Amino acid sequence: PDAIDTLAAGVFPNFCGGADMDDQGNWYGCDYAGGLYSIDKDTGAQTYIGPSVGVNGMAFDYSTGTWYVSSANSLYTMDVSSGATTLIGSHGITNTVIGLACDSDGNMYAYDVLWTGDSTLYSIDKGTGAATVIGDMGYGFVYAQDCGYDRDNDVLYIAGYFNDGSPSA
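Small disclaimer: the values here were computed from a predicted structure and weren't measured.

Reading the values: rules and limits
Residues numbered from 1 in each chain as written. Predicted model: local features only at pLDDT ≥ 70, side-chain atom pairs only at ≥ 80, totals over all residues. Heavy atoms only, no water. Pairing = 2+ DSSP bridges. Helix = DSSP H or I, 4+ residues; strand = E, 2+ residues; numbered from the N terminus. Axes fitted to C-alpha atoms, helices over the stretch in contact; angles between N-to-C directions. Salt bridge = Lys/Arg side-chain N within 4 Å of Asp/Glu carboxyl O. Buried < 20%, exposed > 50% of the residue type's maximum accessible area, 1.4 Å probe, protein only.

Bringing the sheet that holds strand β3 (residues 36–39) into the picture now. In space, the four strands of this open sheet follow the order β1-β2-β3-β4, with antiparallel pairing throughout. Two strands bound the open sheet, and with one partner strand each, they are β1 (16–21) and β4 (46–50). Strand-to-strand twist across the sheet, computed as the mean angle between neighbouring axes with direction ignored, equals 30°. One ladder, built from four bridges, connects strand β2 (residues 27–31) with β3; its direction is antiparallel. Considered in β3, the bridge of C30 is made with L36.

Have a look at this one:
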C-alpha cells in the first residue's frame, strides 16, 4: 500500500499482536501481552472483550469456523465471546512464531522471529500445534508485525520489519 488511513486511535495497552476477520465480517484483534478486542470495521473503534494469553498471531479458519492464536511457541483455540483460550500444543521450534494465517481450505501458516539470518515459513498442524518447515523466506523478520491470507486471491501477505535495517515493507 502507498497510503494508510487511520480509522481510530489504538487502545491496545501494548500493540495488536494479531488480528483477523471471520466469515461474517467480524474483526477481532489481540494484544501482544494479552486481551481480546473487537474492532469496528467502519470506524476502527476497539472494544475490550476479555483477558487472553499474550498473542503473536491470530487466524480465523473458514473451513471450521474456529479461531486460533499463537503465543510464542504454542497454538491455542480462542473463544471470541470471552477471550478464553485452550492449548492445542507446542510448535516444536525454538524461535518465537509470529504471524498466523489460514487459507480458504483451512491450511495454517506461520513464520518466526529471527534477529540474524532468514526467517522460516511453516505449515502448522491445527490438531497438534506442530510446525513443519516449508522453507527459508529470504528475509529476517523481527517483532511487531503480522500476516494475513487473501482468501479471494490465494495469496499470503506479510507486513515485515527486517532484521537487516531495510525499510519495512
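The next point concerns the pattern of salt bridges. Considering all chains together, one arrives at two salt bridges under this definition. Among the salt bridges present, the one from R151 reaches D20, with a minimum N-O distance of 3.0 Å. A residue pair is termed long-range when its members are at least 10 positions apart, and R151 in the loop between β13 (147–150) and β14 (155–158) and D20 in strand β1 qualify at 131 residues. Assigned by exposure class, R151 and D20 land together as buried. With a closest N to O distance of 2.5 Å, K126 and D61 form a salt bridge. With a gap of 65 residues between them, K126 in the loop between β11 (120–124) and β12 (131–136) and D61 in strand β5 (residues 57–61) connect regions that are remote in the sequence. Relative accessible area serves as the criterion here: at 0%, D61 is assigned to the buried category.

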